[in-house]
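Given next are the chains, with one letter for each unit.
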Amino acid sequence: MKANLSVENVTVAFGGLKALNNVSIAFPGGQITGLIGPNGSGKSTMINTISGQLTPSAGSVRLGAQEINGLRSDQIAVMGLARTYQIPRVPPQLTVQEVISVPFSYVRRKSHLAPGIGDERSIAEFCGLSPVVMRRCGDLSITDLRRLEIARALACGPDVLLLDEVMAGLSHEDAHAVIEIVRRIHAAGVTVVIVEHVMSIIANLCDRVVVLNQGELLADGKPKDVLSAPSVREAYLGK
Ligand code: ADP
Ligand code: MG
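Quick caveat, the model's predicted, so the values are computed rather than measured.

Q: Kindly report on the sheet that holds strand E1 (residues 5–14), identifying the contributing residues and their values.
A: Ordered by their spatial adjacency, four strands build an open sheet running E2-E1-E4-E5, and the pairing between neighbours is antiparallel. Only two strands of the sheet have a single neighbouring strand rather than two, namely strand E2 (17–27) and strand E5 (66–67). Direction of pairing for E1 relative to E2: antiparallel, over a ladder of seven bridges. Among the inter-strand pairings, Val12 is bridged to a residue of E2, identified as Leu20. Sheet strands touched by helix H1 (residues 43–50): E1, E2 and strand E4 (58–63). Its angle to E1, the strand with the most contacts, is close to 115°.

Here it is in structure tokens:
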């Protein structure tokens, strides 16, 4: 069964600022949904709330039939939801293999990926990290750090994967390689939510797009409809 994810009437406040204001979105299992919006619109706050780094001040988050808001992020990972970080957070002294091995020690889920892609080395290979598997994280390129973010999330064996700007700062060619990894993860049956600034990537990769603007849901639909909607264009132009 492909996992459904939903947020219902979620509000997240930082002091007086509502980073998310009564937002409801359903992410149907098996799809790639693009989560877009101008800077500061609440995309990372949404990812942080779904994955348990933040607790909403109102509303609920469901993974399948289970309510997950209020659970810790490690508990949510064990239930099948993994994420990457917009700013890679890896201890510089650890090797790539060591970082990928950490989730194995506490998550231990069966992977959706092809049989045989289940240990640290096969996940590293799947993510194009074989040449650097013994390298320390402090010595990695930005591309390899992005690949490692994905590999670490895959080591959780997720049903649902949240990607926060995983292509940011990459060359066109490197971004393309990462897009192919995302496609293969989706093809294996993983539900994907991707935050991404480059609209051509969203248009080509996603089944559907949801748009946040100033903490509110602005649009939800097929990429070609949403990306051409006047309200979405205005939000990006800051009118
Ligand atoms: P996006 O990822 O769409 O660029 P964010 O979700 O990071 O936006 O931020 C949404 C809003 O919430 C912004 O105005 C941001 O400054 C604010 N914000 C985010 N995290 C915090 C925090 N930990 N404390 C206070 N304000 C925050
Ligand atoms: Mg962000």
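Q: Which residues make up H1, and what are the values?
A: Because an α-helix completes one turn every 3.6 residues, residues spaced three or four positions apart along the sequence face the same direction. Burial within H1 is extensive, with seven of its eight residues counted as buried. Turning to H1, its buried residues are Lys43, Thr45, Met46, Ile47, Asn48, Thr49 and Ile50. A positive phi of about 90° marks Gly52, the residue just after H1.

Q: Which residues make up the site of ligand 1, and what values go with them?
A: Close to ligand 1 lie Phe14, Leu17, Ala19, Gly37, Asn39, Gly40, Ser41, Gly42, Lys43, Ser44 and Thr45. Looking at the shell around ligand 1, the elements that each hand over two or more residues are E2 and H1. Sorting elements by how many residues they give to the shell around ligand 1 places H1 first, with three residues.

Q: Before we move on, could you go through the sheet that holds strand E10 (residues 216–221) and cite the residues and values that matter?
A: Strand order in this open sheet of six strands is E6-E7-E8-E3-E9-E10, and the pairing throughout is mixed. Among the strands making up the open sheet, the edge pair consists of strand E6 (81–83) and E10. Averaged over all adjacent pairs, the angle separating strand axes in this sheet is 15°, with direction ignored. The pairing of strand E3 (residues 32–36) with strand E8 (residues 191–195) spans four bridges and is parallel. Counted as the bridge partner of Thr33 is Val193 from E8. On the sheet, H1 packs against E3, E6, strand E7 (160–164), E8 and strand E9 (208–213) and is oriented at approximately 150° with respect to E7. Sheet contacts for helix H6 (residues 172–187): E3, E7 and E8; angle to E8, the most-contacted strand, approximately 150°.

Here is what the cut-offs are and how they apply
- Residues numbered from 1 in each chain as written.
- Chains lettered and ligands numbered in written order.
- Predicted model: local features only at pLDDT ≥ 70, side-chain atom pairs only at ≥ 80, totals over all residues.
- Pairing = 2+ DSSP bridges.
- Helix = DSSP H or I, 4+ residues; strand = E, 2+ residues; numbered from the N terminus.
- Contact = placed C-beta atoms within 7 Å.
- Axes fitted to C-alpha atoms, helices over the stretch in contact; angles between N-to-C directions.
- Buried ≥ 20, exposed ≤ 12 C-beta atoms within 10 Å, placed from the backbone.
- Near = placed C-beta within 6 Å.

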